[in-house]
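Structural description and commentary
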Amino acid sequence: MTAKRTGATARARDAEPHEDGTRRTEILIAAESVLATSGLRTSLQEIADACGILPGSLYHHFESKEAILVELMRRYHADLDRVADAAVEGLDRPDARSASDKIVEFGSAIAECAVRNRAALQMSFFEGPSANPELTALTQRRPDKLNDAMLQTLRAGKWSGYIRSDVDLPVLADRICQSMLHVGLDVIRHNATSGRVASLLCRILLEGIASVPASDADLDGSAAFAAVSGVIDSWPEVDVDASDKARHVRAAARTVFGRRGYEATTARDIAAAAGMATGTVYRLIGSKDELLVSIMREFGEKVGAGWEVALRSDSTVIEKLDALSWINVMALERFPDEFRIQLAWMRQSPPDTPNPGWSFTARVRQMKSMLTAGIRSGDITVDSRSTEMLARCFIGVQWIPENILRQVGTRRALQLARDTSLRGVVAR
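Per chain, the residues get numbers from 1 upward, laid out in the order the sequence is written. The predicted origin of the model limits local features to residues at a pLDDT of at least 70 and limits the giving and counting of side-chain atom pairs to 80 or more, whereas totals for whole chains, interfaces and linings rest on all residues. Water and hydrogen atoms were dropped before computing side-chain values, which therefore reflect all heavy atoms in the structure.

1. Notes on the overall build of the chain
Helices and strands together make up the secondary structure of the chain, namely 24 helices and zero strands. Three exposure classes are used, based on accessible area relative to the maximum for each residue type with a 1.4 Å probe and protein chains only: buried under 20%, partly exposed in between, and exposed over 50%. For the chain, buried positions account for 54% of its 428 residues. Runs of E in the DSSP output that reach at least two residues are strands. Runs of H or I that reach at least four are helices, and both are numbered from the N terminus.

What follows is the structure, encoded as structure tokens:
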């Protein structure tokens, strides 16, 4: 048996809430692991290899790869509901722990669930990868029970005096839950445990990192904010001129990639969206990989320009971090498809595609430098043993979830970023 099969078998033995000792469960656990690493391009042959069985044997348990995807999504939502139920039940029991500890414990449970179900988590970022109506519904299903459980947990914290009375708790609950789910992304978690990352993220979102909370007026008037606002104003409108066939194909591909995900999108899908023959699309744009890189290079240049002017500005570290949040809010508002594509890269799938947007490694290095300077100057107060993990977490929380941005608008989204990552929501 190969090492790959041995690893999958070990994971099957160690899996938590769904383990029932059956071959069907072993197949699902192995499939989850392979799909999380290689994405939806994973074949039944690869899943069979991970299980140590012949592909034909899979059909005794699942009629297709699609059937496996449906079951993985069902298990994911059942696991999320189980975590939510446990949190609500805990609120009804006598408990001497602080409100902060309860929120962190719940957040850690969500993060662990996300890591256990990485393949399903990744599928939930996009539309269903097929025409199967059940799979489509499962991938688009919102974790409402999870959000409601977090809302109840936050309300208990508000009643105890831990959270300020003016905080929009439903929005905060959604933001915390999504941040905890993103711990399932390897690029955020890196080499740390899910519990450590979840704990740090919760502390950032609840307490903020600024030693002295800055007012909106001061942040709006900073040199960094003015600099990134100038960059945002320079962004051209997305060109969808059908007379330029190459740009028309790029615009169509951008939309389909953002809606369906890179892996689930075919050249035929792009051609259909552009209203062209598949052969014409290939002639105009070459390979799908080349098209992806060209789209994301432009996006990376737009966001990267904002980073560069913010870092060069004569501003405090807190003002620079705030300006970076504004560039992210506006990038998501103006270029939502590119944001979704970037999110797909952050889960490193397809794994052999080079970073299509701004260099995440370079941004982590720049963020580490800023945070280190802020900690040394006393502008930042945060308890983290690793500036690497702190930088990755802070980059993660600077991106406001798209559904929240659509709900509250750009200005309130910026205030949410300030009230969580910088100033915190706790009563001081």
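2. Comments concerning the packing of aromatic side chains
What counts as a ring pair is set by centres within 6.5 Å for rings of Phe, Tyr and Trp (its six-membered ring), and what kind of pair is set by the plane angle: stacked under 30 degrees, edge-to-face over 60, tilted for all other angles. For the coordinates displayed, the defined rule picks out three aromatic pairs. Centre to centre, the rings of phenylalanine 225 and tryptophan 326 are 5.7 Å apart; their planes meet at 20°, and the pair counts as stacked. Residue phenylalanine 225 is located in helix α14 (residues 223-234), and its partner tryptophan 326 is located in helix α19 (residues 317-334); the two are separated by 101 residues in the primary sequence. On the basis of relative accessible area, phenylalanine 225 is assigned to the buried category, the value being 9%. The interplanar angle of 65° and the centroid separation of 5.3 Å between the aromatic rings of tryptophan 235 and phenylalanine 335 together place this pair among those described as edge-to-face.

3. So, the nonpolar core
Residue types Ala, Val, Leu, Ile, Met, Phe, Trp, Tyr and Cys, when buried and joined through side-chain atoms within 4.5 Å, form a set referred to as a nonpolar core. Ile68, Ile110, Met150, Leu154, Phe257, Leu321 and Met367 are the most contacted members of the largest nonpolar core, which totals 138 residues. Counting residues per element, this core draws most heavily on α19, at 11 residues. Any pair of residues with heavy atoms lying within 4.5 Å of one another is described as a contacting pair. Excluding its chain neighbours within four sequence positions, the residues that come into contact with methionine 367 are Trp307, Leu321, Leu324, Ala391, Phe394, Ile395 and Gln398.

4. Topic: the side chain of arginine 250
Note that arginine 250 resides in helix α15 (residues 245-260). Polar contact is the term for a pair of N or O atoms within 3.5 Å; when the atoms are in protein, one must be able to donate a hydrogen and the other to accept it, and sequence-neighboring residues count only if both atoms are side-chain atoms. Polar side-chain contacts of arginine 250 include one of 2.6 Å to the side chain of glutamate 298.

5. Considerations on the packing of helix α6 (residues 99-116) against helix α9 (residues 144-159)
Convention adopted: a line fitted to C-alpha atoms gives each axis, helices being fitted over their contacting stretch, and angles between N-to-C directions are expressed from 0 to 180 degrees. In the contact formed by α6 and α9, the axes pass within 9 Å of each other and the chain directions differ by 165°. Here α9 runs roughly antiparallel to α6, going by the angle between their axes. Seen from above, α6 lies across α9 with left-handed handedness. Residues Ala99, Lys102, Ile103, Phe106 and Ile110 of α6 lie in contact with α9, whose contacting residues are Leu146, Ala149, Met150, Thr153, Leu154 and Gly157. Here the word oblique covers every angle except those under 35 degrees (roughly parallel), over 145 (roughly antiparallel) and from 65 to 115 (roughly perpendicular). The crossing is said to be left-handed when, going from far helix to near helix, the turn is anticlockwise and less than a right angle, and right-handed when the turn is clockwise.

6. Details of helix α3 (residues 44-51)
Along an α-helix, residues three or four apart share an orientation, since each turn contains 3.6 residues. Residues Leu44, Ile47, Ala48, Ala50 and Cys51 constitute the buried set of α3. Across the axial projection of α3, the buried residues extend over an arc of 160°, all falling on one side. Directly beyond the C-terminal end of α3, a positive phi value near 75° is found at glycine 52. Here the arc refers to the set of directions running from the helix axis out to each C-beta atom.

7. Details of the environment of glutamate 112
Mapped onto the fold, glutamate 112 is located in helix α6. Sequence spacing of glutamate 112 and alanine 198 is 86 residues, and the spatial spacing of their C-alpha atoms is 8.8 Å.

8. Examining the packing of helix α18 (residues 288-312) against helix α21 (residues 360-377)
Two elements in contact, α18 and α21, have axes whose closest approach is 12 Å; the angle formed by their N-to-C orientations is 25°. Comparing their axes, α21 and α18 come out roughly parallel. Crossing of α18 against α21: the hand is left-handed. Contacts between α18 and α21 involve Gly304, Trp307, Glu308 and Leu311 from the former and Arg363, Gln366, Met367 and Met370 from the latter. Three classes are used, and their members are as follows: Ala, Val, Leu, Ile, Met, Phe, Trp, Tyr, Cys and Pro are nonpolar, Asp, Glu, Lys and Arg are charged, and the others, Gly among them, are polar. Class assignment for the residues of the contact of α18 with α21 results in four nonpolar, two polar and two charged.

9. Some thoughts on the environment of serine 100
Within the secondary structure, serine 100 is located in helix α6. Along the primary structure serine 100 and leucine 206 are separated by 106 residues, whereas in three dimensions their C-alpha atoms are 8.3 Å apart. In contact with serine 100, not counting residues within four places along its chain, are Tyr162 and Glu207.

10. Concerning the pattern of salt bridges
Salt bridge criterion: a side-chain nitrogen from Lys or Arg within 4 Å of a carboxyl oxygen from Asp or Glu. In total, this model carries 27 salt bridges according to the counting rule given. A salt bridge links arginine 97 to glutamate 105; its shortest N-O distance comes to 2.6 Å. Across the pair glutamate 308 and arginine 363 runs a salt bridge, and its minimum N-O distance is 3.3 Å. Highlighted residues: glutamate 308 in helix α18 and arginine 363 in helix α21, separated in sequence by 55 residues. Using a relative accessible area of 8% as the deciding quantity, one classes arginine 363 as buried. Each of Asp216, Asp220, Asp322, Arg411, Arg418, Asp419 and Arg423 takes part in one network of salt bridges that share partners.

11. Considerations on the environment of glycine 275
Take glycine 275: it is sitting in the loop between α16 (267-274) and α17 (278-285). Sequence separation between glycine 275 and alanine 252 is 23 residues, and the spatial gap between their C-alpha atoms is 9.1 Å.

12. Let's talk about the confidence of the model for the chain
For the chain, per-residue confidence averages 85 on the pLDDT scale, and 88% of positions sit at 70 or higher. Each residue gets a pLDDT score, which is the predictor's confidence in that residue and runs from 0 to 100. Within the chain, the element-level pLDDT minimum falls on helix α1 (residues 3-14), averaging 38, and the maximum on α14, averaging 97. Contacts of residues 1-20 to residues separated by more than four positions or lying in other chains number 26 contacts, the stretch itself having pLDDT below 50. Low pLDDT, under 50, characterises residues 348-353; the stretch is placed with 16 contacts to residues that sit more than four places away or in other chains.

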